[in-house]
Structures are given as C-alpha cells and as structure tokens.
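# Examining the three-dimensional arrangement
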Amino acid sequence: MDDDVVHRVLQEGGRDYYQETPSTSSSSPSILQSLPLHASFDRGYYLLVKSIQELRSKKEGIVAVGIGGPSGSGKSSLAEKVASVIGCSVISMENYRTGADEGNDLSSIDFDLLVQNLQDLLKGKDILTPVFDFQQKRRIGTTEIKSTSFGVVIVDGTYALHARLRSLLDIRVAVVGGVHFSLLSKVKYDIGESCSLDNLIDSIFPLFRKHIEPDLHHAQIRINNSFGQSFRDSIYKLKCKSESESGQPAYSFPKKEAQIDNFIEMYLRPPSASEEARVNDWIKVRQSGIRYYLSLGDRRIVDKNFIIRPKAEFEVGRMTLGGLLALGYNVVVSYKRASKSIIYDNLSISLETIDTLSETYLVLRGRDRKMVEAEALRLGITGPWITRSYLEMILDTKGVPRLNTPPLLPTIISPSSTHKEPPLIAPKPLRIRPELVNRDDDMSQPWTRSPTKSKVEPVLAPWQFISSDGSSIDPSSFRDTHTLQLAPMPDSFDLDRGLLLAVQAIQALLEHKGMPVIVGIGGPNFKYDDFRSLDLPLLTKNIGDMRRGRKAKVPVFDLESGARSGFKELEVSEDCGVVIIEGVYALHPDIRKSLDLWVAVVGGVHSHLISRVQRDKSKAGCFMSQNEIMTTVFPMFQLHIEPHLVHAHLKIRNDFDPVLSPESSLFVLKSNKQVAYQDILKLLDPKKICSSAQNFIDIYLRLSGIPSNGQLTETDCMRVRICEGRFALLIREPIREGDFIIQPKVDFDISISTVSGLLNLGYQAVAYIEASAYIYQDGKLLMEVDHLQDVPGPYIQIKGANKEVVVAAGSALELDGSYTTKSYLEIVLEKLPASERNSSGINVQQAARLQELVENIQSQGSSSSSESSPSREVISPMEGVIEDMQSRIKRLERWQAINTVLWTFLMSAFVGYSLYQRKHQ
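What this report covers is the structure whose coordinates are included nearby. (Residues numbered from 1 in each chain as written. Predicted model: local features only at pLDDT ≥ 70, side-chain atom pairs only at ≥ 80, totals over all residues. Heavy atoms only, no water.)

Moving on to the sheet that holds strand 34 (residues 740-744). One open sheet holds the 10 strands; their spatial order is 33-34-29-38-37-36-30-31-32-35, and the pairing between them is antiparallel. In the strand order of this sheet, the two ends are held by strand 33 (735-737) and strand 35 (748-750), each with one partner. Across this sheet, the average inter-strand angle for adjacent strands is 35°, counted without regard to direction. Strand direction decides the pairing type here: strand 36 (residues 763-777) and strand 37 (residues 782-788), joined by 7 bridges, are antiparallel. (Pairing = 2+ DSSP bridges. Helix = DSSP H or I, 4+ residues; strand = E, 2+ residues; numbered from the N terminus. Axes fitted to C-alpha atoms, helices over the stretch in contact; angles between N-to-C directions.)

Below, the structure is given as structure tokens:
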C-alpha cells in the first residue's frame, strides 16, 4: 500500500528527523542496497506529495526535496506540479549558472552559492537566489525567498542529487525517461545497429554516464517517465500573413510592451536518409541565446485552418547537437525567426519574421481551440490562413537540399536583432573513457536507460495500406479506394503515441478514401457489458446511413431509468467527416466489419483496480495473480471482449492514471457553513449556468483480514458510488493539502458484476451513506450542495481546475476559516458514539441497511459465469438490486421534491432578474 511505501521513503531519508530517530528497519542504511521505489510519473507525483506531507507533520523546520535527472526527463514538470498542490519554494539550478557552457557541464554551476543558500534557508534565514538571463548569457538580478513563506523547498536541476547537496536533502527524487529516451530511440532507429547504446549515450548525452547517472541511484523515489509527446495539452495555432493583399496590416499591435525573441531554427537530416526522405524524419533544433531545444520530427496535426502541435520540445545541452552531428546528422535547413509577442488570457499573438522567406506572419496561439477562434473573430483577423510550416514554405521555394550539400543559410538579419549572432560552430563531441564511468551494483537492471527494458522504445512508423488480400499497396495509385485497408501496427503504444497515431490514421483515410471515416474504439469497463444488450440491427443501420451520407437517428439511453429516452440526429458533413463508435464491443466482428479504423485501449482504471486488489491481498497476508483477479472482477472481459481487441489496427496501453495524475485534478473547498442560493448564483456566469439535482448512495468496501487499529478508515476502503443508475469506483483517497481536497475530474464506471466480484474476493461492505446533491456550474466553477441523510445541515463544495478561482469564490461566499477536508465517511463516523465506531462497520443500523443489498449483489456475482451462456431463461437478481436501490432513492426524492421545485423556481427567477438588471443599467 502507498502508506507503507511512503514510510519506507521516510526511513531512508529524513535529514534531521530520521537522524535523531534512527530507523528500526532491518534494511541496510545504504539506499543502493534497499529496494528502490520505481514508479510512473503519475504515481511518483502522488508518492512525493504524500511523503512531503508525512515528513512535514513529523519534523520541525523546512522539508528539503531534490529532483534530479537528465534534460528532457520531466523533472521540472514534476517540480511545477508538486508546487501547484503544496505551497513551496522551487530553486532552479539553471539560475546558478556562471555563464555559457558546453551543455550540462558540472563546472558551470555555482555550487558554493547554492549550498550556502540552501543551508541558510534550512537555518531559518531569508536568502537571495540569482536570476540568470539566457538571452544576455549572464546574471541580471536576484529573487528573495523568505524562510517563513513555505515549509517546503524543492531544488530542481540536472545535478540536484549531487553529493554536495544530498546531505541537505530530506527526500531525493530521480526522474528519467520522457523525451530523453525518445531521442535515444530516434537515433538508434536512424543509425541502426552500428552503434551500441552506451556509445549513443556518450555521443548525445556525453556527461550523463559520468556525472549524472551515478547520482540518480541515490534517490529514494525513482520515476520512470513514459511521457514523450502529448496532444493532451495541445497548442492550437492560426497563422496568416501580417499584411493583406491590399497591403493593410492584418492586426495593429497595441502600445503595451511586447516580448521580443530571436531564434535560430535548424533541421537535421539523419545519416541514413535518402533525398526523398520525409521531413518528419528530420530533427528540429531551436537555439535561443545559449539554450537549445529539440523536437523529433514534425508531429503537428492540421485540421481545417488550425495547426495543432503537441508538447514536443525539450531542452538539451549544446554538446547534444555536436554529438548528433558527429554521428552523421546534417544541418540541411536553417533560418532565423524574429518574434514580437503579446501574451494575455492564456492566449498569445505574435508577429514572426522569417529571414529566408523575407516575410512576416501573424500567429495566434492558445490551448483552447474555441478561445483562439473566438479571439481571431473579435480582433477581426480573417486570414487567409496558412497551415504549412515555415520549413515546408522554405522547401517550396528553395527545394529539398541534396545530400552532402551545405545547408540553406540565413540571408537577412532580422530588423529587431540588436547584434549579429556568431556563426554556428558545431561543438565537438565529448568521449568518456570506459574506466572513468562509475559502476554501480544497481546497473544490472539499468532503469536509468529505459523505463521498462534495456532496449529503446520503437519509433513511430508511417501507416501502410493493404488491399483486401493483404498485400501492400500504394494508396495514391490504387483505383478501388473502397477496398483500401490499413495495415495493423505490430507494436502497442502508450496513450500519447497512440493518440498521435490514431489522428494520423484518420487523416490518411480521409486523404485516400474520403469521407466518412468511421472509427471504432473498444476496451473494458462500462456498466452494461453483455453484447446481447446492444441493439445491433439499429447500430448497423446507423453506420450504414452515415456511410451513405444520410442523417442517422441515434438512440439516447437513460441509465437511471434503464430505458431509451429518445433519439438525436447525426449527419456527416464537410465540417464533421469522422464518426467514432466507442464502447466495450466496438470491435466485435459484427461491428468492426463496417469500420475503417479499429482502436483497442486497455489499462486505465481497469489495471489500477487489479493492482489495488493485489496490494490489499498482500497486506492481508495472501497472494493472488492478476489472472485470478481478472476472471473474478471482470468475468466478461477474457471471454467476450479481449479476443476482439487483438485484431485492432492500433493497440494502446493506457498507463495514464487520472486518479493520481496532476493533469486531471480538481481543487475542492468544502464547508458546512450555510450559504444562500442566490449568493451562489451571483458567482456564476448567467449565460452559461446550468443546474441539476441528483441522489447517490456511497458503499465502502474493505478487504477482510487487513490489519487495523480497530477503527474504520477511508484509506483501507474502496468507494462505490451508485448514482443515476451507474456504478462509479474511487480506488484511492484524494490528496488533502491545507484547506483543499485535490480529486480527479472524472468517475470510473464499472458493472455490478465487478462489484460482486470484489465481494467474492473477500471485500466487505462496511459503510453506507445516502445523500442528495444540488449542482450549479458554468464551465469554470461547480458548486455542489450536499444533504447527507442523518447529518444535520448541508455541505457546500466549490470545485474547479483553477485553484485561484476556487479560492476567490470561497472568499466571496465568506467561507474562509470554515473549510474541512474530512470525507463524508469521517463526518458520519464522528456523529456516532465512540463505542459504535469500529473497523467492521459503522453501526447495527447501517449493517442492516447493507445486508439485503450485499446478498443480492453476491447472488448476481455467483452467476457471473452464466452471463456468457447462450440464453437467459430466468430473470437476473440484478433487476431486484436495481429496483431496491431505486426505491431507496425515490424515498429520498419525496422529501426533497418540493424543495427541488421551489429552488429551481427561485433560481430561474433570480437569474432572470439579474439579466433584467444588467440590461437596464
């Protein structure tokens, strides 16, 4: 369990606390001889937050954390995510540079000043940290950090785990992987087997094995970051010429101060590439002052007028560029880009001058597509839009450079440049002699080289087409496009790479087959997982209608009532030429024959539940294999779902953990202070506000045999929420920090057979809470007013992805000082007499309420094997379970019905009156 993991982290660290209180663990004091903690980025983030919280509660003074790793591994992103949850100071080692260097050179870091600053801070003194400007290549000032500001300080940098710093750190974290591994994979793919992995590392990361890798083995938490390039947080870009055809400026910059940047952008062609090789195979290097940023190929997506780019750049040392050139890469295109930008409201607008093209372009960027489009309309920028990259436009005018010819050099100095840049001189690669590389006992499993194995990950290959007989074909010369098929990818991919490949496959199908492209996405975990419950004839008709360009009447199913509630019309058009069929059986043979692209997704909460059961079983003193757990909690998967997934064109392993990941967090403030509904409505946008009422039942499951201190705690439980006919699972309790509860944005649907499977594995229903909720939201904020049965007074929850917005809303409602981070289980337990709080359940009354429901679910679970039988003569007890739960919910609805109508009426009247007032002001 995570608590045990966190405890071991603290036993192995603790600069002050655990030196004063020696560990009684039998493990060796050497971290290299103890069991290291290898974790994904998401779980590593969660463990680090929990470790900081635990240590902070047990020791006085500041908790010091070091996060080290090679460039591009994701260490700075981890520090940023932790700082967004826990109030802390982040000290970047980048600001302790002494000047320009040849990469991650140890001698370029002012360790004396860094050590002195950290020592002073730990002694309770305020410090001044340097600020380094990478354009001017020098220090330009200092920033003050007060020792009383936060109780945590994070040192972030390549050498954050260096021997001179380790004695000052409480928690040591190593991050490897990310685009660091992606570059190794790319180079290995480009040059083949002619160079060993060690030689590759020494060429493109020459200081890694000597100065960086040995320090990483001293980490207590070792994070293997599989993240490379992701479209989860894409940049949406609109681009046009800065002047219209009539010579009028497309946009006039306001007089406010703009940000000026000058870049040199270079493209490196692989040594084995032919002249006809795709530019996607080239490596892009962007130089800004003394910093170098690298991206692997052109991973952008073009959709209508938009250029969509993933998170694709990462910083490298200058010696990495030299190493690539030494391996045979050639700079085939280079140009200067001078940029003048204004940033506001999560948007930026830039004027970019490309010297080789002798042209200036207007570029609007943002992370929200609709916001970018709306801003362009507001500013009166109408195009014509350009979706070709600068590289493509240069190649259109200059042609693709032939092999072994000098690169296209910049011809015009940008007018905004204040001085000429020195010519680019390829840095010489640094070779490390084998005897200088520190050997380590842990190197028998080189986790610092690859997240899961010593071999590098496969590089994305282009999609290939095959004919109906399976032979490879050129789609551009194939006449019968209706019989074109995609060749399945031989490998499986993580979620980020899989998303990119799926989009590229859709674009290839649109180009060569035309509209519509119909995609099927299949995988486990939804409420109704019996294939016979699907209306296959209607689905087949809907697909056929859309294939022929007709309007399709698609049914709408109400999960709460368990019946079809109506239909909605879908039509394929120029604006929407792609249809996605998503569901457990989307790749069933009777369905996939009508589809163009088959995508299988496994993992996610499906695998996290299996891991949680394994940990619980281990804590209870027994072991279960994944296969045993799978057949019990997902009885339909291996029989009726998994066989279809193996035929997919694209197989995706979803290792993303939305329960733990900082990328999917909601910040929640909870209070039982009374708030008037009209005050809630004042905080929401009246144009976007929507409201709803729902009732839910929370059941807490705990595995029998888990040691406890005699008290029921949420940590040992999994929560199943029954709401509107759905079963949603919460595997792990959320993070609590200060006044905030940080929880995932989404719930995870499971079937009742999964709940019954957990009961059959030995889990017991130990708590039961009934409640109702009134919800008001406008897209930025969600206000939830919860009424718990048998608990006096409602609780209000303010939820949002933006922490500052949530804080401001709480202050506006005068809730400061009244917040609680307790769960509803804790709140209910506190209302009980101490004699009735125990680990086997809440009280006799609760046990009685649960008994009937548990018996019905278990009877359903015992017949899970019959779910796959050809016929079903007897009505399943499932219907009785649902009816029983619905009757309980109806009883809750009766005493709230009048209030619901009344408050809906008052809310509508208030919103209408507010709009009336605004109109007449």
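More follows now that the structure is in view.
So, on to the pairing of strand 3 (residues 89-92). Remember that side chains alternate between the two faces of the sheet whenever the strand is regular. The two faces of strand 3 differ: Ser 89 and Ile 91 on one face are buried, but Val 90 and Ser 92 on the other face are not. Bridge count between strand 3 and strand 6 (residues 152-156): 4 bridges; the pairing is parallel. Each bridged residue has a counterpart across the sheet, and for Ser 89 the counterpart in strand 6 is Val 153. (Buried < 20%, exposed > 50% of the residue type's maximum accessible area, 1.4 Å probe, protein only.)

Right, let's get into the side chain of Thr 320. Mapped onto the secondary structure, Thr 320 falls in helix 10 (residues 318-326). Apart from residues lying up to four places away in sequence, Thr 320 is in contact with Leu 183, Ile 204 and Phe 205. (Contact = heavy atoms within 4.5 Å.)

So, about the side chain of Asp 545. Here Asp 545 lies in helix 14 (residues 536-547). Look at Asp 545 and you get buried, because its relative accessible area is 7%. In this structure, Asp 545 is in contact with Arg 550, Lys 551 and Ala 552, ignoring residues within four places of it in sequence.

Here we come to unusual backbone geometry. A cis amide bond links Gly 383 to the next residue, Pro 384, at an omega of 5°. Along the chain, Met 515 connects to Pro 516 via a cis peptide bond; the corresponding omega equals -10°. For Pro 516, the location among the structural elements is in the loop between helix 13 (495-512) and strand 23 (517-522). Of note in the backbone geometry, Glu 814 takes a positive phi value of approximately 60° without being a glycine. Its place among the elements puts Glu 814 in the loop between helix 21 (803-812) and helix 22 (824-830).

Time to look at the packing of aromatic side chains. Under the definition given, this model contains 6 aromatic pairs. When the centroid spacing of 5.9 Å and the interplanar angle of 70° are considered together, the rings of Tyr 795 and Tyr 824 count as edge-to-face. Of this pair, Tyr 795 sits in strand 38 (residues 795-800) while Tyr 824 is found in helix 22, placing the two residues 29 residues apart along the sequence. Judged by its relative accessible area of 7%, Tyr 795 is buried. The exposure class assigned to Tyr 824 is buried, which follows from its relative accessible area of 7%. Connected via pairs of aromatic rings, a cluster forms that spans Tyr 677, Tyr 774 and Tyr 776. The aromatic ring of Trp 598 is capped on one face by Arg 592, whose charged end is 5.4 Å from the ring centroid. In this structure, Lys 670 packs its charged tip against the face of Tyr 824, placed 4.1 Å from the ring centre. (Phe/Tyr/Trp six-rings, centres within 6.5 Å; stacked < 30°, edge-to-face > 60°. Lys NZ or Arg CZ within 6 Å of the ring centre and 35° of its normal.)

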